[in-house]
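Structural features, examined
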Amino acid sequence: MDAKQILNADFLDILFEGRNKEYGAYELRKTYNKRIITGIIVMLVFTALFLLLTVLGNSTKKAKAQIFVQDVSLANVTDKPKEPPPPPPPPPPKVEPPKVEITKFTPPKIVKDQEVKEPPPEVAKLEDTKIGTINQEGAKDMGIVAPVVENKGTGVVEAPKQQEDYDKIFTVVQIQAEFPGGMAAWQKFLERNLNASVPVDNGAPPGKYTVVLSFIVDKTGAISDIKAENDPGYGTKEEAIRVLKKSPNWKPAVQNGRNVIYRQRQSITFQVADE
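Predicted model only: the values in this text are computed from it and were never measured.

So, on to the overall build of the protein. From N to C terminus, the protein includes 7 helices and 8 strands. The buried share of the protein, reckoned over its 275 residues, is 21%. Restricting the contact set of the protein to residue pairs at least 6 apart, pairs at least 24 apart contribute 80%. Taken as a whole, the protein presents about 21400 Å² of accessible surface, with 57% of it coming from carbon and sulfur.

Structure (structure tokens):
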């Protein structure tokens, strides 16, 4: 390579003069700067995309699910309250019959040599007076007959007492069935076992989804016959029934001192809100 070519030649051409340029080292060194610049550009592009996706992900609203448990008492809406019986009529005023004049009459006795201390009444006085064992002043006997006193009682007829059927399903009782530990323990059991994300996982939009359930608590406290009275959808009904089937025994309801079969109602609300 002459002096003029050396002045115009590249450093790599001078370095590899007389060497095998096809080996690969010449090509790698010649494209080194281009490859470095390309790598930096690609890295910057990927970094920018990652940051953009992170910002978009944080700005997107996420759905948050909560569960609310409310106990509902089952009222017997078909039975109307019994009206008290009307008060008995007042007893009629007592009318005392007028006093009738009574003349004491002593039958004559045969005695020996004794004076009669009380002479018998004259016959004329006996015509308009009653004859009795005492003397009493009053109205003349005009054929008045004293009324017969009757024992009429209180005038109130008691209805026959109905026998309670303790084998039927009660909806109103004196002592309701109760989860062991009370309402707070029951709510804690449901919140621990219910999957609050069920409506979100099934695509439910923000809102409240309330499931009303009813179930029987028998005389031993066992739960059976679980029924959903409504279905808000998005898997909420199935999830509520699934958890109720896992419930331990309750304290049975009591009526007149006896354990009875009781139907309990329970509402469970799944709330889906924007975070």
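We now examine the pairing of strand S5 (residues 207-217). Burial within S5 is extensive, with 8 of its 11 residues counted as buried. With 11 bridges connecting them, S5 and strand S8 (residues 258-274) associate as antiparallel partners. The residue of S8 that forms the bridge with Thr210 is Thr269. In sequence, S5 turns back onto strand S6 (residues 223-228) through a hairpin of 5 residues, with Gly221 there showing a positive phi of about 95°.

Let's shift gears to the nonpolar core. As a rule of thumb, soluble globular proteins bury nonpolar side chains together. The biggest cluster of nonpolar side chains holds 27 residues, and the ones touching the most others in it are Trp186, Leu190, Leu213, Leu244, Trp250 and Ile268. Among the elements of the structure, helix H5 (182-193), S5, helix H7 (236-244) and S8 are those that each provide at least two residues to this core.

Another point: the pattern of salt bridges. Counting across every chain of the model gives 5 salt bridges. Here Asp225 makes a salt bridge to Arg263, at a shortest N to O gap of 2.5 Å. Of this pair, Asp225 sits in strand S6 while Arg263 is found in strand S8, placing the two residues 38 residues apart along the sequence. A relative accessible area of 36% places Asp225 in the partly exposed class. What makes Arg263 buried here is its relative accessible area of 13%. Through salt bridges that share partners, Asp225, Lys227 and Arg263 make up one connected network.

Mapped onto the elements of the fold, Glu229 is located in the loop between S6 and H7. Of the residues examined, Glu229 reaches a relative accessible area of 46% and is grouped as partly exposed. Residues in contact with Glu229, not counting those within four places in the same chain, are Val212, Ser214 and Arg265. One polar contact links Glu229 to Arg265, side chain to side chain, over a distance of 3.0 Å.

This paragraph deals with the confidence of the model for the protein. When pLDDT is averaged across the protein, the result is 75; 54% of the residues are at 70 or more. Scored below 50 in pLDDT, residues 72-80 makes 12 contacts in the model with residues more than four places away or belonging to other chains.

All of the buried residues along H7 are Thr236, Glu239, Ala240, Ile241, Val243 and Leu244. On its buried face, H7 sits against H5, helix H6 (198-201), S5, S6 and S8.

Moving on: a nonpolar patch on the surface. Residues Ile37, Ile41, Val45, Leu49, Leu52, Leu53 and Leu56 make up a contiguous nonpolar surface patch of about 670 Å² in total accessible area. Counting through the fold element by element, Val45 comes out in helix H4 (residues 32-59).

Where H5 meets H7, the closest approach of the two axes is 10 Å, and the angle between their N-to-C directions is 120°. The orientation of H5 with respect to H7, classified from their angle, is oblique. Where H5 crosses over H7, the handedness of that crossing is right-handed. Taking contact as the criterion, the partners of Trp186, Phe189, Leu190 and Asn193 in H5 are, on H7, Glu239, Arg242, Val243 and Leu244.

With that settled, consider the pairing of S6. Where S5 and S6 come together, 4 bridges link them in antiparallel fashion. Note on S6: the bridge partner recorded for Leu213 is Ala228.

Cut-offs applied
- Per chain, the residues get numbers from 1 upward, laid out in the order the sequence is written.
- Per-residue local features of the predicted model are confined to residues with pLDDT of at least 70, and side-chain atom pairs are confined, for both listing and counting, to 80 or more; whole-chain, interface and lining totals are unaffected and use all residues.
- Working from all heavy atoms in the structure, the side-chain values ignore hydrogens and water.
- Strands are runs of DSSP state E lasting at least 2 residues, helices are runs of H or I lasting at least 4, and numbering of each runs from the N terminus.
- Note on exposure labels: buried denotes an accessible area under 20% of the residue type's maximum, exposed denotes more than 50%, and partly exposed covers the range between, all computed with a 1.4 Å probe on protein chains only.
- Here a residue-residue contact requires only that any non-hydrogen atoms of the pair lie within 4.5 Å.
- For accessible areas, the Shrake-Rupley method is used with a probe of radius 1.4 Å. Any residue's cover is judged against the shown protein chains and nothing else.
- At least two bridges found by DSSP between two strands is the condition for calling them paired.
- Nonpolar core, defined: a set of buried Ala, Val, Leu, Ile, Met, Phe, Trp, Tyr and Cys residues in which side-chain atoms within 4.5 Å join the residues together.
- Criterion for a salt bridge: a side-chain nitrogen of Lys or Arg within 4 Å of a carboxyl oxygen of Asp or Glu.
- Pairing of N or O atoms within 3.5 Å defines a polar contact, subject to two protein rules: one partner must be a possible hydrogen donor and the other a possible acceptor, and residues neighboring in sequence count only if both atoms are side-chain atoms.
- Residue-level confidence of the predictor is summarised by pLDDT, bounded by 0 at the bottom and 100 at the top.
- Surface patches are defined over residues having more than 30% relative accessible area and no salt bridge, joining like charges when they lie within 9 Å and nonpolar side chains (Val, Leu, Ile, Met, Phe, Trp, Tyr) when within 5 Å.
- To get an axis, fit a line to the C-alpha atoms, keeping to the stretch in contact for a helix; angles then go from 0 to 180 degrees between the N-to-C directions.
- If an angle is under 35 degrees, it is roughly parallel; if it is over 145, roughly antiparallel; if it lies from 65 to 115, roughly perpendicular; otherwise it is oblique.
- Helix crossings fall into two classes, left-handed where the near helix is turned counterclockwise from the far one by less than a right angle and right-handed where it is turned clockwise.

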